[in-house]
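Architecture and fold: a report
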Amino acid sequence: MIRAENIHKSFGDLVVLRGIDLEVTKGEVSCIIGPSGSGKSTFLRCLNLLVIPDSGDVYLEGVRVTSPEIRPEWVRQQIGMVFQSFNLFTHLTALRNVTLGLTKVLKMDAEQADKKAKWELERVGLGDKLAAYPAQLSGGQQQRVAIARALAMDPKVMLFDEPTSALDPEFIHEVLDVMAKLADEGMTMVVVTHEMGFAKKVADEVTFLDQGRIVERGPPSDIFDHPIQERTKAFVSRILG
Amino acid sequence: MLARIIAGTGGSIGAFLFLVWLGRAGVYSLSYAESIVPALERGFSGTLWLVAAVIPIGFTMGLVMASARTSNSRIARAVGGTYVEFFRSMPPFTLIVFSSILATKIIRSIFFIDNPVAFAVAAGTLALAFHSGSYQTEIMRAGILSVPAGQIEAAYAMGLSRLRTLFDVVLPQAFRVALPALGNEFSSVIKDTSLLSAISAIELSFIGGVLVNGALSIDFNLIFIIWTEIALLYFVLTYVVVRIVRFVENRSKVPGLQAAQL
């Protein structure tokens with residue numbers, strides 16, 4: 001479904017990614033873990049071309065989307081993304097946050113977009129918050145609106161960038177529940193996360209990233225319970241406490 | 001609320017004392033005050049026309065140039081920066097006089113019109129609008145910078161183009177932040193239209209000057225009546241515009257986003 005080959009990225013003198021590969025087949029969930037500054041977020045942004053890699057290629061359903069002939073907007077509208085800090089449009093209601101992409105990117109008519117947006121918000125359990133503005137919602141609710149906003153575009157792949165890191169502990173589970181349900185329904189997902197419970201339960205593959213390189217990769221049981229590399233061991237024992 | 005009462009009472013007492021003083025000085029002349037009303041009407045409508053030109057043009061320039069200044073294109077940023085520095089760094093009076101002379105010179109040499117007053121006034125008005133636009137550029141730029149980068153990233157991530165992101169995500173929020181400062185700039189530029197009297201634009205202050213010339217030979221004190229009425233008209237115009245801006249500000253408040261109250 002989505003494949004990245006040998007992605008390199010530097011910002012000025014700072015080398016962030018030193019050759020990252022990733023392949024996620026349809027319906028799979030791939031988790032990326034690693035210390036802060038390891039390049040997880042940058043790599044995720046390379047997948048939907050929010051960050052253009054210096055070298056290396058990204059393929060979406062076999063199409064080389066890093067090719068200069070391809071418009072980044074066309075790629076991004078097929079890939080949903082959920083951010084650590086929600087990034088809802090604060091001047092729009094929950095409903096309008098979801099319909100914006102439908103009407104302005106997919107050119108749906110208003111009525112159809114409303115219907116679709118309502119359905120997506122109901123799916124994440126927010127059918128009663130359509131008219132609420134982001135500032136009137138809890139962090140967990142905001143993040144679920146953000147998930148609905150991304151899902152409404154019928155993406156082929158969903159990217160999650162530490163979706164629960166900014167949440168109060170009491171709201172984390174409601175977001176993880178929605179994500180687990182998505183995974184069950186067969187959504188292809190790439191998730192940067194520190195939620196080991198979630199990764200263990202849902203992920204098909206876990207990649208440990210450090211200093212812009214892949215240190216170790218494998219099924220969650222291997223990475224969390226029997227890591228081979230010393231760095232992975234140290235990191236896993238730290239986050240599992 | 002308390003502030004409003006204090007300001008209201010203070011203003012009323014001030015106005016009352018001023019009138020008492022005018023009465024003492026023997027400058028009350030209701031018949032004269034009425035006799036200049038038609039002339040003032042003409043001046044007021046002139047000022048209204050100028051305001052109706054200067055505010056929209058300045059606002060449009062502000063929007064366009066602020067977008068340019070925050071663009072990722074180097075050229076656009078350079079154009080916006082040059083515009084602001086040029087029009088902000090000269091007194092509006094100088095800009096007005098210079099541009100009207102320039103317009104006169106050009107029109108004369110091309111169309112052989114001896115005294116193209118209308119063109120001179122149009123050029124001066126445009127110069128004032130551009131001057132105000134340079135301030136509005138910076139006001140809007142501050143508004144644009146207040147929009148969290150994450151929201152722009154989110155807009156791009158769902159496939160919105162740069163232009164759509166600007167219009168649907170950035171500007172609506174930037175505008176809300178900029179409104180109080182924009183109201184300030186509007187009220188300031190309304191009064192700056194009086195500078196256009198220097199190039200013979202038929203507006204309130206120009207009419208004021210004409211009336212004063214006529215009144216001087218009758219009674220020096222009549223000047224007070226003229227300028228009191230003119231001041232009042234400027235006040236009313238400014239007040240109305242400021243209230244309109246306030247109204248828009250209140251209407252566009254986002255529920256749940258409350259400002260801190262000290």
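Now for a description of the structure that goes with this document. Predicted model, so just to flag it, every value in this text is computed and none were measured.

On to empty space enclosed by the protein, then. In this approach, a probe sized like a water molecule rolls over the atoms, and the result shows the empty space that is left. A complete count under the given rule lists two cavities of 30 Å³ or more for this structure. Computed from the structure, the largest cavity encloses a volume of approximately 100 Å³. Around the largest cavity, the lining is made up of 14 residues, and of these A:Gly80, A:Met81, A:Ala150, B:Ala157 and B:Met158 lie nearest the centre. Looking at the lining of the largest cavity, the elements that each hand over two or more residues are strand 6 (79-82) and helix 5 (139-151) of chain A together with helix 7 (149-157) of chain B. By residue class, the composition of the lining of the largest cavity is ten nonpolar, two polar and two charged. Empty space within the second largest cavity amounts to approximately 50 Å³. Residue lining of the second largest cavity: A:Arg123, A:Val124, A:Leu151, A:Val178, A:Lys181, A:Leu182 and A:Glu185, and that is the complete set. If you tally residues by element for the lining of the second largest cavity, the top one is helix 6 (residues 169-184) of chain A, at three residues. Per-class residue counts for the lining of the second largest cavity are four nonpolar, no polar and three charged.

Bringing helix 9 (residues 230-240) of chain A into the picture now. Residues and elements named next belong to chain A. Every buried residue of helix 9 is listed here: Thr232, Phe235 and Val236. Projection of helix 9 onto a plane perpendicular to its axis shows the buried side chains occupying an angular sector of 95 degrees, all on one side. Turned more than 90 degrees away from the buried face of helix 9 sit Glu230 and Arg238, all of them exposed. On its buried face, helix 9 is in contact with strand 3 (29-33), strand 9 (205-210), strand 10 (213-218) and helix 8 (220-225).

If you look at the interface, chain A gives 24 residues, while chain B gives 21 residues. Taking both sides of the interface into account, the surface hidden between chain A and chain B amounts to around 1900 Å²; carbon and sulfur atoms contribute 66%. One can count two salt bridges joining chain A with chain B. The closest approach of N and O atoms between B:Glu153 and A:Arg45, which form a salt bridge, is 2.5 Å. On the surface where chain A and chain B come into contact, there are eight residue pairs in polar contact (both at pLDDT 80 or more). Considering each element in turn, the side of chain A that touches chain B owes the most residues, four residues, to helix 3 (residues 94-104) of chain A.

Reading the values: the criteria
Residues numbered from 1 in each chain as written. Chains lettered and ligands numbered in written order. Predicted model: local features only at pLDDT ≥ 70, side-chain atom pairs only at ≥ 80, totals over all residues. Heavy atoms only, no water. 1 Å grid on protein atoms, 1.4 Å probe; cavity = no way out; pocket = protein on both sides within 12 Å on 5 of 7 lines; lining within 4 Å. Points joined across faces, edges and corners; volume = space filled by probe spheres on them. Helix = DSSP H or I, 4+ residues; strand = E, 2+ residues; numbered from the N terminus. Nonpolar A, V, L, I, M, F, W, Y, C, P; charged D, E, K, R; others polar. Buried < 20%, exposed > 50% of the residue type's maximum accessible area, 1.4 Å probe, protein only. Arc of directions from axis to C-beta. Contact = heavy atoms within 4.5 Å. Buried area = accessible area lost by both parts, 1.4 Å probe. Salt bridge = Lys/Arg side-chain N within 4 Å of Asp/Glu carboxyl O. Polar contact = N/O pair within 3.5 Å; in protein donor to acceptor, adjacent residues only side chain to side chain.

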